[in-house]
Amino acid sequence: MENSKELRSWLDDMKLSHPLVIAGPCSAETEGQVLSIAHELKDTDVNYYRAGIWKPRTRPGNFEGVGAIGLNWLKKVKEETGLKTATEVANKNHVDLALEHDVDLLWIGARSTVSPFIVQEIADALEGTDKIVLIKNPVNPDLSLWLGAVERLSKANITKLGVIHRGFSTYEKTKYRNIPEWQMAIELQTKFPDLPLINDPSHISGNREMIFDISQTALDLNFDGLMIETHHDPDNAWSDAAQQVTPKRLVQIMEDLKIRKETDEEAEYNQKISNLRTQIDIIDNQLIDTLGKRMKVSDGIGELKRQRNVAVLQTNRWNEILGKMILEGESKGLSEEFVLRMFKAIHQESINHQEKIINAETLKK
Ligand code: PEP
Ligand code: MN
């Protein structure tokens, strides 16, 4: 993407005084629902009104979208409210219909970005249009797959491109529906500073309580915009009910978010430091999470030792770990003294955990 300068200009050209906002329901359900939400979003900061027409559900049997009829409702939204419109396309037929109905912004969903065949089909169908096209990250954290999709669209002469970070699937349950990989978004920005980067806190969180914090983190990391699912009656939405917010709540979120400006030197400093601090906060959370996981494994070992009546402290094993970690730490610029202190603390916590497990057995006897 040699022409990455060109990529950003569509967003710069909009000369927004705030991050780009794309909001609207997960799915278009009825004409009344689509229009009523749109009217509530009309005089807000919302720039694009989103609604899924074709819904790619992970398992069949759920609501799969109203289909092409919903495009007429989006047209009405534009006529009645002046809001520009956005929808997801997942094949050539969707693209043709969306273009026919003059949808302003098209996005490629996470389940499509994983398939180079589908992405190429969409890119070919879009060739020659000047619509804005946003590419969601693939469901798995694979930066090349994501960039590959951007390149396919770029090769089809789509210049108004952008990407959406909507988080990644994990086998393990986490507090997120789709875990954010902020470092990947940072890497993407570093490589392509001119590629607009949008955050989708709705699909990252899976619940409306976390939307604000995720949005703030995204803005602190210089994201250019937000896509937030908004519904007039979220609890009764036909898809993604738990994560949608009301238009009123959306306005409140936009009001409360701290938007950093990039104007004078001091602002630049503040932006840089807050960006770094956000990264530190994310890493600290990961550290605690990892330590918690380590203790769980250690509990498992404690349980085994209890069953076999083996001593908690295994000196040889412990010395082996220490030696390895000191070397590992050295290669990452960590002093031996620090690694020793840290691992002694971790080891002590492990011993405390295992002691508890073994003593529980003594009490039972
Ligand atoms: C959506 O935006 O409603 C959607 C289906 O998103 P994703 O592709 O991120 O799952
Ligand atoms: Mn959704």
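Note that the structure is a prediction, hence the values are computed from the model and not measured. (Residues numbered from 1 in each chain as written. Chains lettered and ligands numbered in written order. Predicted model: local features only at pLDDT ≥ 70, side-chain atom pairs only at ≥ 80, totals over all residues. Heavy atoms only, no water.)

1. Examining the coordination of the manganese ion (ligand 2)
For step 1, the next point in the chain: Distances from the manganese ion (ligand 2) to its protein donors, Cys-26 (SG), His-203 (NE2), Glu-229 (OE) and Asp-240 (OD), fall at 2.1 to 2.4 Å.
For step 2, the next point in the chain: Counting the intervening residues between successive donors of the manganese ion (ligand 2) yields the motif C-x176-H-x25-E-x10-D. Of this pair, His-203 sits in helix H9 (residues 201-205) while Asp-240 sits in the loop between strand E8 (225-229) and helix H11 (247-256), and the two are 37 residues apart along the sequence.
For step 3, the next point in the chain: Since its relative accessible area comes to 8%, His-203 is described here as buried.
For step 4, the next point in the chain: The buried category is assigned to Asp-240, whose relative accessible area is 15%. (Donors = N, O, S within 2.8 Å, 3.2 Å for Na, K, Ca; no water. Helix = DSSP H or I, 4+ residues; strand = E, 2+ residues; numbered from the N terminus. Buried < 20%, exposed > 50% of the residue type's maximum accessible area, 1.4 Å probe, protein only.)

2. A short note on the pairing of strand E4 (residues 105-108)
For step 1, the next point in the chain: Going residue by residue along E4, you find Leu-105 and Trp-107 tucked away on one face and Leu-106 and Ile-108 tucked away on the opposite face as well.
For step 2, the next point in the chain: By the bridge criterion, 3 bridges tie strand E3 (residues 84-88) to E4 in an arrangement that is parallel. By the bridge assignment for E4, Glu-88 is matched with Trp-107.
For step 3, the next point in the chain: By the bridge criterion, 4 bridges tie E4 to strand E5 (residues 132-136) in an arrangement that is parallel. Paired with Ile-108 across the bridge in E5 is Ile-135. (Pairing = 2+ DSSP bridges.)

3. Some words on the side chain of Glu-29
For step 1, the next point in the chain: Structurally, the position occupied by Glu-29 is in the loop between strand E1 (20-24) and helix H2 (31-41).
For step 2, the next point in the chain: In this structure the side chain of Glu-29 is engaged in a polar contact, spanning 3.1 Å, whose partner is the side chain of His-231.
For step 3, the next point in the chain: Among residues more than four places away in sequence, those in contact with Glu-29 are Val-34, Val-66, Trp-73, His-231, Ala-237, Trp-238 and Ser-239. (Polar contact = N/O pair within 3.5 Å; in protein donor to acceptor, adjacent residues only side chain to side chain. Contact = heavy atoms within 4.5 Å.)

4. Structural notes on helix H8 (residues 182-191)
Since the α-helix turns once every 3.6 residues, residues separated by three or four places project in the same direction.
For step 1, the next point in the chain: Taken together, the buried positions of H8 are Trp-182, Met-184, Ala-185, Ile-186 and Leu-188.
For step 2, the next point in the chain: Elements in contact with the buried residues of H8: helix H7 (143-155), strand E6 (161-165), strand E7 (197-199), helix H10 (211-220) and helix H12 (265-308).

5. A short note on the packing of helix H6 (residues 116-126) against H7
For step 1, the next point in the chain: H7 packs onto H6 with a crossing angle of 25° between their chain directions and a minimal axis gap of 9 Å. The pairing of H6 with H7 is recorded here as roughly parallel in orientation. Helix-helix and strand crossings are classified by hand; for H6 and H7 the assignment is right-handed. Of H7, the residues touching H6 (which contributes Pro-116, Val-119, Gln-120, Ala-123 and Leu-126) are Leu-145, Ala-149, Arg-152 and Leu-153.
For step 2, the next point in the chain: Residue composition of the contact of H6 with H7, by class: 7 nonpolar, 1 polar and 1 charged. (Axes fitted to C-alpha atoms, helices over the stretch in contact; angles between N-to-C directions. Parallel < 35°, antiparallel > 145°, perpendicular 65-115°, else oblique. Left-handed = near helix turned anticlockwise from the far one by under 90°. Nonpolar A, V, L, I, M, F, W, Y, C, P; charged D, E, K, R; others polar.)

6. A short note on the domain arrangement of the protein chain
For step 1, the next point in the chain: Taken domain by domain, the protein chain consists of domain 1 (4-259) and domain 2 (267-364).
For step 2, the next point in the chain: Counting from both sides, the interface comprises 8 residues of domain 1 and, opposite them, 8 residues of domain 2.
For step 3, the next point in the chain: Across the domain 1 to domain 2 interface the summed buried area is about 680 Å²; carbon plus sulfur atoms make up 49%.
For step 4, the next point in the chain: The largest per-residue losses of area from domain 1 upon contact with domain 2 belong to Gln-183, Asp-220 and Asn-222, which jointly make up 49% of the total buried on that side.
For step 5, the next point in the chain: Linking domain 1 with domain 2 are 1 salt bridge, by the criterion used here.
For step 6, the next point in the chain: Among the ionic pairs, Glu-172 bridges to Lys-293, the shortest N-O distance being 3.6 Å.
For step 7, the next point in the chain: Linking domain 1 to domain 2 there are 1 residue pair in polar contact (both at pLDDT 80 or more). (Domains from an automatic or database assignment. Buried area = accessible area lost by both parts, 1.4 Å probe. Salt bridge = Lys/Arg side-chain N within 4 Å of Asp/Glu carboxyl O.)

7. Focus: the site of ligand 1
For step 1, the next point in the chain: Taken together, the residues surrounding ligand 1 are Cys-26, Arg-50, Lys-55, Glu-88, Trp-107, Gly-109, Ala-110, Arg-111, Lys-136, Arg-166, His-203 and Glu-229.
For step 2, the next point in the chain: Contact distances for ligand 1 include 2.8 Å between an oxygen atom and a side-chain N or O atom of Arg-50.
For step 3, the next point in the chain: Considering ligand 1 on its own, with 300 Å² of exposed area, one finds that the protein chains cover 98% of that surface.
For step 4, the next point in the chain: Taken together, the residues of the shell around ligand 1 break down into 3 nonpolar, 2 polar and 7 charged. (Near = heavy atom within 4 Å. Areas by Shrake-Rupley, 256 points an atom, 1.4 Å probe, with all protein chains shown as cover.)

8. Focus on the nonpolar core
For step 1, the next point in the chain: By size, the foremost hydrophobic cluster in this structure holds 68 residues, and its most contacted members are Tyr-49, Ile-135, Leu-153 and Leu-161.
For step 2, the next point in the chain: The element that contributes the greatest number of residues to this core is H7, accounting for 6 residues. (Core = buried A, V, L, I, M, F, W, Y, C linked by side-chain atoms within 4.5 Å.)

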